[in-house]
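Structural features, examined
Each chain, written out:
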Amino acid sequence: MKVEVKSKSDEALKDESRPVAVPRKRFVLRRGTPRITSSLSLMGAVMLAGILTFAIVLYALNGRDTPIDPSKYQVIYLTNGQAYFGKLQNTRGEYLVVSSPYTAQTPAQQASNKDTEQTTTLLRVRDQLYGPEDTMAIKSSQVVFWQNLRDDSKISQALKAKQ
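Each chain has its residues counted from 1, running along the sequence as written. It should be noted that, the model being predicted, local features are given only for residues of pLDDT at least 70 and side-chain atom pairs only at 80 or more, the latter also being counted only at that level, while totals for whole chains, interfaces and linings use all residues. As a rule here, side-chain values cover all heavy atoms of the structure and leave hydrogens and water aside.

Turning next to the overall build of the protein chain. Scanning the protein chain for helices and strands turns up 3 helices and 6 strands. Numbering of helices and strands starts at the N terminus; helices are DSSP runs of H or I of at least 4 residues and strands are runs of E of at least 2. Its helices and strands taken in sequence order, the protein chain reads α-α-β-β-β-β-β-β-α from the N to the C terminus. Residues counted as buried form 17% of the 163 residues belonging to the protein chain. Summed over its atoms, the accessible surface of the protein chain is roughly 13,900 Å², and 56% of this surface lies on carbon and sulfur atoms. Each residue is placed in one exposure class: buried if its accessible area under a 1.4 Å probe, protein chains only, is under 20% of its type's maximum, exposed if it is over 50%, and partly exposed if it falls in between. We get accessible surface area from the Shrake-Rupley algorithm with a probe of 1.4 Å; when it comes to residues, only the shown protein chains can shield them.

Take the pairing of strand S4 (residues 121–124) next. What you see with S4 is a clean split: Leu122 and Arg124 sit on the buried side and Thr121 and Leu123 on the side with no burial. Two strands pair when backbone bridges link them, and strand S3 (residues 95–105) and S4 are joined in this way by 4 bridges, in the antiparallel orientation. When the bridges of S4 are listed, alanine 104 appears paired with leucine 122. By this definition, two strands are paired if DSSP reports at least two bridges between them.

Structurally, arginine 124 is set in strand S4. Using a relative accessible area of 12% as the deciding quantity, one classes arginine 124 as buried. N or O atoms within 3.5 Å of each other form a polar contact, as long as, within protein, one can give a hydrogen and the other can take it, and as long as residues adjacent in sequence are counted only when both atoms are side-chain atoms. At 3.2 Å, the side chain of arginine 124 forms a polar contact with the side chain of serine 100. Leave out the neighbours within four places in its chain, and arginine 124 touches Ser100, Pro101, Tyr102, Asp134 and Gln163. Two residues qualify as a contact provided that any one of their heavy atoms is within 4.5 Å of a heavy atom in the partner residue.

Our focus in this paragraph is the packing of aromatic side chains. Whether two aromatic rings pair depends on their centres lying within 6.5 Å, for rings of Phe, Tyr and Trp, where Trp uses its six-membered ring; planes under 30 degrees apart make the pair stacked, over 60 edge-to-face, and the rest tilted. Across all of its chains, the model carries 1 aromatic pair by this definition. Ring plane angle 35° and centroid distance 4.7 Å describe the contact between tyrosine 77 and phenylalanine 145, whose orientation is recorded as tilted. Here tyrosine 77, found in strand S1 (residues 74–78), pairs with phenylalanine 145, found in strand S6 (residues 143–148); they are 68 residues apart in sequence, far enough to count as distant. Overall, the relative accessible area of 38% leaves phenylalanine 145 in the partly exposed class. It is lysine 87 that lies over the ring of tyrosine 73; its NZ or CZ is 4.6 Å from the centre. Geometrically, a charge over a ring is one whose NZ (Lys) or CZ (Arg) sits within 6 Å of the ring centre while staying within 35 degrees of the ring normal.

Turning next to unusual backbone geometry. Of note, the phi angle at serine 100 is positive, near 50°, even though the residue is not glycine. Looking at the secondary structure, you find serine 100 in strand S3.

Let us now look at the pattern of salt bridges. By definition, a salt bridge exists where a carboxyl oxygen of Asp or Glu is found within 4 Å of a side-chain nitrogen of Lys or Arg. Inspection of every chain in the model, using the stated rule, returns 7 salt bridges. One salt bridge connects aspartate 134 with arginine 124, and the closest N-O pair in it is separated by 2.8 Å. With aspartate 134 in the loop between S4 and strand S5 (135–139) and arginine 124 in strand S4, this pair connects stretches of sequence that are 10 residues apart. What makes aspartate 134 partly exposed here is its relative accessible area of 22%. The residue lysine 160 makes a salt bridge to aspartate 151 at a minimum N-O spacing of 3.4 Å.

Let's shift gears to the nonpolar core. Remark: nonpolar core denotes a set of buried residues (Ala, Val, Leu, Ile, Met, Phe, Trp, Tyr, Cys) joined through side-chain atoms within 4.5 Å. Counting 11 residues, the largest nonpolar core consists of Ile76, Leu78, Tyr84, Leu88, Leu96, Val98, Val125, Met136, Ile138, Val143 and Trp146. Mapped by element, the contributors of at least two residues to this core are S1, strand S2 (83–88), S3, S5 and S6. Sequence-distant contacts of leucine 96, that is, excluding residues within four places in its chain, are made with Leu88, Asn90, Thr91, Met136, Ala137, Ile138, Ser140 and Val143. In terms of nonpolar packing, the next biggest core, distinct from the first, is built from 8 residues, Tyr73, Phe85, Leu122 and Leu159 among them.

And the structure:
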C-alpha cells in the first residue's frame, strides 16, 4: 500500500498556477435615479437661461426711455418739489442738461385776496442775480420725472413768447 503524503505547500503551488477569478465591482445605474452630472448640467442650463433673461429685461428697461422731442419744451420735476422748464438735452448719465431753463414763481397772496386769480411767473434762470449761464445740469438722482410739454400748453406758449 502506497501512501502519498501531500503537504500544504504542494497544494499552494498548484493553486498559484491556476488562473484565479477575481470578482470585479460593477457599477449599476438604476433607472429612476438621476445621475449627478445630468442634473448639474440641467441646473447650469436653467441658471444660464435665467441670467440671460435677467440681462435682457434689464437692458430693455434701461433702454426704454421716453424720447426727447427736440421741437418741444420739457418739464423736469425734482425731489424737493421744484420744477424747471426748458429744452432737455439728455436723459442718461449722472446729470441731465437743460438749455434755456425757466422756473415758475407764484407770488404769495394775502388772505384778503382769496377771490383773485393766482398768477404764476416764469423766471429765466440766467436772469437771476448771481448771473448763471443759459444751461443747467441737474443731478439725475434728484429728478423724479420729466415730460414733453404739448405745444398748446400755457407753459409752452409762454416760453415761446419769451424767446
